[in-house]
Structures are given as C-alpha cells and as structure tokens.
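An overview of the molecular structure
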Amino acid sequence: MTTGICANPLPHWVNPKTVAEMYDEFDLSTCPLFTGGFINFGYWSLDQDSNAYITEANRLESEKNLYLKVAQSLSLSNADSVLEVGCGLGLGASMIVEQFKPEVYCGVDASKQQIMKSESLNESMIEAGNLSFKQGLAENLPFESNQFSKVLSVEAAQHFTSFSPFCNESFRVLKPGGRLVVSTFFGSEGDSLARVIPMIKTFEEGIDQLHNIEMVKNQLIEAGFVNIRVESIGKNVWPYFDQWISQTDHKETWDRNWLKAYESGILDYYIVIADKPC
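Computed from a predicted model, the values in this text were never measured in an experiment. (Residues numbered from 1 in each chain as written. Predicted model: local features only at pLDDT ≥ 70, side-chain atom pairs only at ≥ 80, totals over all residues. Heavy atoms only, no water.)

**Comments concerning the pairing of strand β2 (residues 104-109)**
Judged by how many residues are buried, β2 sits mostly within the fold: 5 of 6 residues are covered. Sheet analysis places strand β1 (residues 81-85) next to β2, joined by 5 bridges and oriented parallel. Counterpart to Glu 84 in the pairing with β2 is Gly 107. Regarding the hand of the β-α-β motif, the stretch spanning β1, helix α3 (residues 91-100) and β2 is right-handed. Inspection of the sheet shows β2 paired to strand β3 (residues 131-135) by 5 bridges, in the parallel sense. Opposite Val 108, over in β3, you have Lys 134 as the bridge partner. (Buried < 20%, exposed > 50% of the residue type's maximum accessible area, 1.4 Å probe, protein only. Helix = DSSP H or I, 4+ residues; strand = E, 2+ residues; numbered from the N terminus. Pairing = 2+ DSSP bridges. Right-handed = clockwise from strand over helix to strand, strands pointing away.)

**Points about the pattern of salt bridges**
Overall, the coordinates contain 10 salt bridges when judged by the stated rule. A salt bridge links Arg 179 to Asp 275; the nearest nitrogen and oxygen atoms lie 2.7 Å apart. One end of the pair, Arg 179, is in strand β5 (residues 174-187); the other, Asp 275, is in strand β7 (residues 267-275), with 96 residues separating them in the sequence. The same class applies to Arg 179 as to Asp 275, namely buried. Across the pair Arg 229 and Asp 275 runs a salt bridge whose closest N-O atoms are separated by 3.1 Å. With a gap of 46 residues between them, Arg 229 in strand β6 (residues 226-232) and Asp 275 in strand β7 connect regions that are remote in the sequence. Residue Asp 275 is classed as buried on the basis of its relative accessible area of 10%. Each member of the salt-bridge network shares a partner with another, and the members are Arg 179, Arg 229 and Asp 275. (Salt bridge = Lys/Arg side-chain N within 4 Å of Asp/Glu carboxyl O.)

Pasting the structure below:
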C-alpha cells in the first residue's frame, strides 16, 4: 500500500554527497517522507501500532510532537530567550513561539538558503518581533555570551563534525542557570560508527556523524554543564518511521537500515538535557 504522495521513483534528494547539497541544492524539505517540511524522523505515540497504516496527518503530527517533546524538556516560559541551533525552515520555531510564547526566539542555521526560506515562511511572526533568524555555525555561534536562557537543537547535531565545539558554544551563550536540550541519533556503543558505515550511506559519505552518547555526556561535562540527563526515545521513533517508509514509493530508494541499526544496538535516538550552573 502506498500513500500516493511519492511518485518519483528516484527523487533528486536520494544521493547528496555533502550536508550543503542535502539542504541547499537538493532541499530535503521537499522529500515527501518529511511531510510538512520539518525534516525530522518524528516522535510517535506508542498508542499507534507500528504495523498499522500511517496517514500523512499521522506523519506530520509525529514531526510536531518531536518539537513539543523537546520544548517540554526545556520547561519553557514566556520570560525565556531561546536559541535554536539548526533551525532549518523555522517551522518548529514558529510552532514553539505560538504555543509557548517565549520573550525571544532566534533560529540559527549554517545554510543561507534555509535561513532565507525560514524568513519568507515566517514573515508575519518576524514582523511581530517574536521571532528572528540568522545564518551561523554551531561551532561559532554569532551571539554574545550569556544571551539566552534556553538552547535547543532538533536533529541537527548529527551533522556537526565535532560535538565538543557545539557544547562549548552553547555553554557560552547560555545565561547562568540556562538549559540545553538536544535531540538526535547517537551511537550506543564505542564502535558504533565503524559498524554503521557499511549499513547507511550518509555515514559513509560523512553527511551524518555518529557521536557516541557517552562521549557526548563527557564533552558536556568538560564544557561546564551539570545535571546531565539522557533519555532514549528510539522505541517512539524507529519502528514507526520505518513503517512510514515501507508504505511509500520510496521504500526502495530511502535507506531502511535505520531500524536494523537500532535493533542491533548500534545507535538510538536520544534527548539530552544539560544545565549551566547558576
């Protein structure tokens, strides 16, 4: 059974060679597997049968739910100043601004094209003064120290060549008592990267990095963070996304080994929470 929304048997975004190609030239947001342009694997309710037919509405809800899960981990209030690293098209940013109404919300992304699109898509909120976007690198954030009370990153850290500079920069721009929340896939074991490279092409190409979760925790500690918590949410991610792929016309062109890598203990999807001391 197919959804009828994936007609092209070999879409232009299947074989990017770099991160820039994936998000600029090929524009992954146009891939029907990422309905609505959020570009994340989604956080699915366990009430949904992973073998049941998934509608396009179910898929879009899962992408929004991942942002809501991260927002809840941030404990947002209307007094917060928020920075999102790797904001993409800014759809998650506008949703959080609308629902949680932080005082300031700024999205930063390495891609100039993504920033231009996010400004176009969110013009009314930008004009209202609730939201802004800026091009910049996670390893060298273009902001003053102690500027934000919350920093989040949703499914972007897998593209950071090194995770440590991002930890240091997040710590720098956070105010004392601020919080960082990161969600993406990380390696579950020390040899995860070597094991996953033969399985998934984006790791072989170097588009995705598989930072080890224990290394991530250590680098957060080295940067100065405290109260580090790690939550595995793979059971809410991989079976459902794989089912979504299986019922589309792209089941032969999009890699199906993500679920296998998860079931083999190579990688998992995590939410990582860390606080800057007061």
